[in-house]
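# Examination of the molecular architecture
Given next are the chains, with one letter for each unit.
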Amino acid sequence: MDNLVSPLEIITGSISRTDNLKESIDSFLEILLTSACGDCCIDPEFGFIFNNMRFEIFNEREGTIYNSTSIEGEEEDELYTKKISGNSKNINTFATNLKETIMKYEPRLTDVSATMSYVRDERKIYITVTGVIIDTREKYKYDTTLKIWS
């Protein structure tokens, strides 16, 4: 019973814990996915870089985020060339960033893979994270959605 629950609760003077390893990993991934880099002053790299772009405009034709501050002739910031939809096997996608972030911050998972699928009509991004829980060798799957801001 080493796993914290989210949101954190204090019960009889100590932080609440759970025996449900999957629930604990799910809660942590939710925090990671909904945090922007820089939100955590102790570790400014913690979070999903995609959330730092929440006030940007989607370029739906290209499947990227439009760089409204670019100057012609200047080199494009690589974040603005990343595809919104894709999987972590493709290098130039936000799913690759997500996989790398999960591998850095969630040591209970191995063989991590991430997929992001933008559904234009719903204005949502569907996210699936798969992997293997190291302690139990069980397959792991986490599904969630992000609402689009523009």
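Details of the structure are given in the entry above.
Computed from a prediction, not measured in an experiment: that's the story for all the values here.

### Details of the nonpolar core
Residues F50 and I125 are the most contacted members of the largest nonpolar core, which totals 32 residues. Secondary structure elements with two or more residues in this core: helix 1 (21–34), helix 2 (94–105), strand 8 (109–119), strand 9 (124–133) and strand 10 (139–147).

### Concerning the sheet that holds strand 8
One open sheet accounts for four strands, arranged 7-8-9-10; its pairing is antiparallel. Both outer strands of the open sheet, strand 7 (86–87) and strand 10, are each paired with one neighbouring strand and no more. Relative to strand 8, strand 7 runs antiparallel, the two sharing two bridges. Considered in strand 8, the bridge of G86 is made with M116. Against the sheet, helix 2 contacts strand 7, strand 8 and strand 9, and its axis sits at roughly 150° relative to strand 8.

### Notes on unusual backbone geometry
Not every positive phi belongs to a glycine, and D111 is a case in point at roughly 50°. Its place among the elements puts D111 in strand 8. Taking the relative accessible area as the measure of exposure, D111 reaches 55% and is therefore exposed. The phi angle at R137 is positive, at roughly 65°, despite the residue not being glycine. Turning to its location among the elements, R137 is positioned in the loop between strand 9 and strand 10.

### Comments concerning the packing of aromatic side chains
Taken as a whole and assessed by the stated rule, the structure comprises four aromatic pairs. Ring centres 4.9 Å apart and planes at 75° place the aromatic pair F50 and F94 in the edge-to-face group. Of this pair, F50 sits in the loop between helix 1 and strand 5 (57–59) while F94 sits in helix 2, and the two are 44 residues apart along the sequence. Note on accessibility: F50 and F94 belong to one class, buried.

Calculation rules
Residue indices follow the written sequence of each chain, beginning from 1 at its first position. At least 70 in pLDDT is required for a residue's local features to be given in this predicted model, at least 80 for side-chain atom pairs to be given and counted, and no such filter applies to totals for whole chains, interfaces and linings, which use all residues. Water and hydrogen atoms were dropped before computing side-chain values, which therefore reflect all heavy atoms in the structure. Here the nonpolar core consists of buried residues drawn from Ala, Val, Leu, Ile, Met, Phe, Trp, Tyr and Cys, with membership extended through side-chain atoms lying within 4.5 Å. To sort residues, take the accessible area from a 1.4 Å probe on protein chains only and compare it with the maximum for the residue type: under 20% means buried, over 50% means exposed, and anything in between is partly exposed. Helix and strand definitions here come from DSSP, where helices need a minimum of 4 consecutive H or I residues and strands a minimum of 2 consecutive E residues; each element is numbered from the N-terminal end. A pair of strands is treated as paired once DSSP finds two or more bridges between them. In this description, contact between two residues means that some pair of their heavy atoms is separated by no more than 4.5 Å. What counts as an axis is a line fitted to C-alpha atoms, over the stretch in contact for a helix, and the angles between N-to-C directions run from 0 to 180 degrees. Centre distance within 6.5 Å is the pairing criterion for rings of Phe, Tyr and Trp, where only the six-membered ring of Trp is used; planes under 30 degrees apart are then read as stacked, over 60 as edge-to-face, and the remainder as tilted.

Shape is all these values report; function is a separate question.
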